[in-house]
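As a plain string of letters, each chain reads:
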Amino acid sequence: MQARIRKVLESQYAPYIYFAFSLLFWALGQSSIVVCGSAIYVALIALFCNDIKNSFPPFIYISFFIEYIFKSSNWWAYGLCIGLALGCFAYYTIKNILRNKDNLTLGRWFWGFICLIIAVLCGGLFADYKILEKVIIISLISFGYLLYFISINFCSNLKLSLLRMFVIGAITISIELLILYFTTGDFLSAVIGRQIVYIGTQNINPSSIFLCLGMISALALGNKHKYDYLLFVVATYLAIVICLTFCRTNIALALLFYIGLSLWCFIKSENKIEFALVVSVMSLIMFAFSKQLSILLGSVIDKFEAGANGRNNLWPWCFEKFTEHPLFGVGFLSDERVPGIMSPVSLIMAHNSVLQFLTSMGIFGCILGGVFYYFKYKILFTKPVKDNVFMVLI
């Protein structure tokens, strides 16, 4: 019986079932069921499986399936479910460390995580130091390292699984976004007015990034694949949906990646006739909906011309805070309102990574944060870029 359960939970289709379940109950407005189902899914994998990479989707995507946490959240249910999932996850980790203690590696990224934790710990040292802030952020970073540790020690064929996860995750998010637009009652007006700001409890900007990850992953899976032309269709669909997020930088990057990688895949393809046929059919479909697409394009262009979108107030404010405490910054929470940030909690979100590090962790934290990224990209560029182009872009 255990072997059958393990076979199902370790199959490539288990994450697809998880995403379908989560999408269904999100659409029905039953976020608590999604959270409970996610906890049970993670617990079963941790208890029955040897390779638990299929447990990663809930940790990465659960925020897209729960209600906006500052409005209404069943924190008792959430707490119990988080405790169940993390408890079983801890059991799996300890069990496998003891079982494989002679064959484990901390990984080449370990010291990068240590540097980032020290940077966060020292952030705001001479400002308004908040212990709870440190506990939360360091816990998240530590859990990120735990996923990395499990990935390199206990998971096999991880790259393929992550690419598939990114694709099905992006398709799921795209469906959520379309549902939200259609339920406004006037799809085009909602698009023009950019009425959708959140998907679940996630802002539209990270949603846009996850859509872009899915687009690149679809082309990565299609590269030299016998059904590359079908995966190109998936990538094209996701590229169009990315435009509905109105995240300007990500739209520009996605367009650049889409054109470059599509040409790459076509040149490498052994199905050039099918590829060309698909492009022709898609062109006809786009021509048939040219009016709607032109409205979308016009709205995107308008967004590009919309100015700094609040950053003209936010960035000077962040830089001022950095100059007040240049060595260790001011931390990640502010006692005063952060310009342009709508969150009820005064999170300092600079929308600029270097400025974020300088503001929150100062010069000291920025240097240590740089070490974190140095180790990350040192690992990434161990292969020539031409042999690893999709992962580099991801």
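These numbers come from a predicted model, not from an experiment.

Colleague: Could you give an account of the nonpolar core, naming the residues involved and the relevant values?
Modeller: Counting residues in each nonpolar core, the largest one holds 96 residues, and the members touching the most others are Phe56, Tyr61, Ile150, Leu177, Tyr181, Met215 and Phe390. Leu314, Cys318, Ala350 and Leu355 belong to the second largest nonpolar core, which has nine residues in total.

Colleague: An account of the packing of aromatic side chains is needed here, citing residue identities and associated values.
Modeller: Given two aromatic rings, their pairing is described by the distance between the two centres and the angle made by the two planes. A full pass over the atoms with the stated rule returns 33 aromatic pairs. Each ring, one from Phe19 and one from Tyr61, has its centre 5.1 Å from the other, and the planes form 80°; the classification is edge-to-face. Highlighted residues: Phe19 in helix H2 (residues 14-27) and Tyr61 in helix H4 (residues 56-61), separated in sequence by 42 residues. Each member of the pair, Phe19 together with Tyr61, is buried. Three or more aromatic residues link up through ring pairs in this structure, and these residues are Tyr92, Trp109, Phe110, Trp111, Phe113, Tyr145, Tyr148, Phe149, Phe154, Phe357, Phe372 and Tyr373. The ring of Trp264 is capped by Lys268, whose NZ or CZ atom sits 5.5 Å from the centre of that ring. Above the ring of Phe266, the side-chain terminus of Lys272 is found at 5.8 Å from the ring centroid.

Colleague: Explain the packing of helix H11 (residues 228-243) against helix H12 (residues 248-268) to me, using residue names and the numbers behind them.
Modeller: One can describe the packing of H11 onto H12 by two numbers: an axis separation of 10 Å at closest approach and a directional angle of 165°. As judged from the angle between their axes, H11 and H12 are roughly antiparallel. The two elements H11 and H12 cross, and the hand of that crossing is left-handed. For the pair H11 and H12, the contacting residues are Asp228, Phe232, Ala235, Thr236, Ala239, Ile242 and Cys243 in the first and Asn250, Ile251, Ala254, Tyr258, Ser262 and Cys265 in the second.

Colleague: Quick one: what's the story with the packing of H2 against helix H3 (residues 31-48), residue by residue and with numbers?
Modeller: It is the contact of H2 with H3, at a shortest axis distance of 8 Å, that shows an interaxial angle of 160°. In terms of orientation, H2 and H3 fall into the roughly antiparallel class. Like other packed secondary-structure pairs, H2 and H3 cross with a definite hand, here right-handed. Mapping the contact onto sequence places Ala14, Pro15, Tyr18, Phe21, Ser22, Phe25 and Trp26 in H2 and Ser31, Ile33, Val34, Gly37, Ser38 and Tyr41 in H3.

Colleague: Describe in detail the side chain of Thr201, supporting the description with residues and values.
Modeller: Position of Thr201 among the secondary structure elements: in the loop between strand E1 (198-199) and strand E2 (202-203). With relative accessibility at 16%, the residue Thr201 sits in the buried group. Once residues within four sequence positions are removed from consideration, Thr201 is found in contact with Ser63, Ile66, Glu67, Tyr68 and Ile69.

What counts, and at which threshold
Residues numbered from 1 in each chain as written. Predicted model: local features only at pLDDT ≥ 70, side-chain atom pairs only at ≥ 80, totals over all residues. Heavy atoms only, no water. Core = buried A, V, L, I, M, F, W, Y, C linked by side-chain atoms within 4.5 Å. Buried < 20%, exposed > 50% of the residue type's maximum accessible area, 1.4 Å probe, protein only. Phe/Tyr/Trp six-rings, centres within 6.5 Å; stacked < 30°, edge-to-face > 60°. Helix = DSSP H or I, 4+ residues; strand = E, 2+ residues; numbered from the N terminus. Lys NZ or Arg CZ within 6 Å of the ring centre and 35° of its normal. Axes fitted to C-alpha atoms, helices over the stretch in contact; angles between N-to-C directions. Parallel < 35°, antiparallel > 145°, perpendicular 65-115°, else oblique. Left-handed = near helix turned anticlockwise from the far one by under 90°. Contact = heavy atoms within 4.5 Å.

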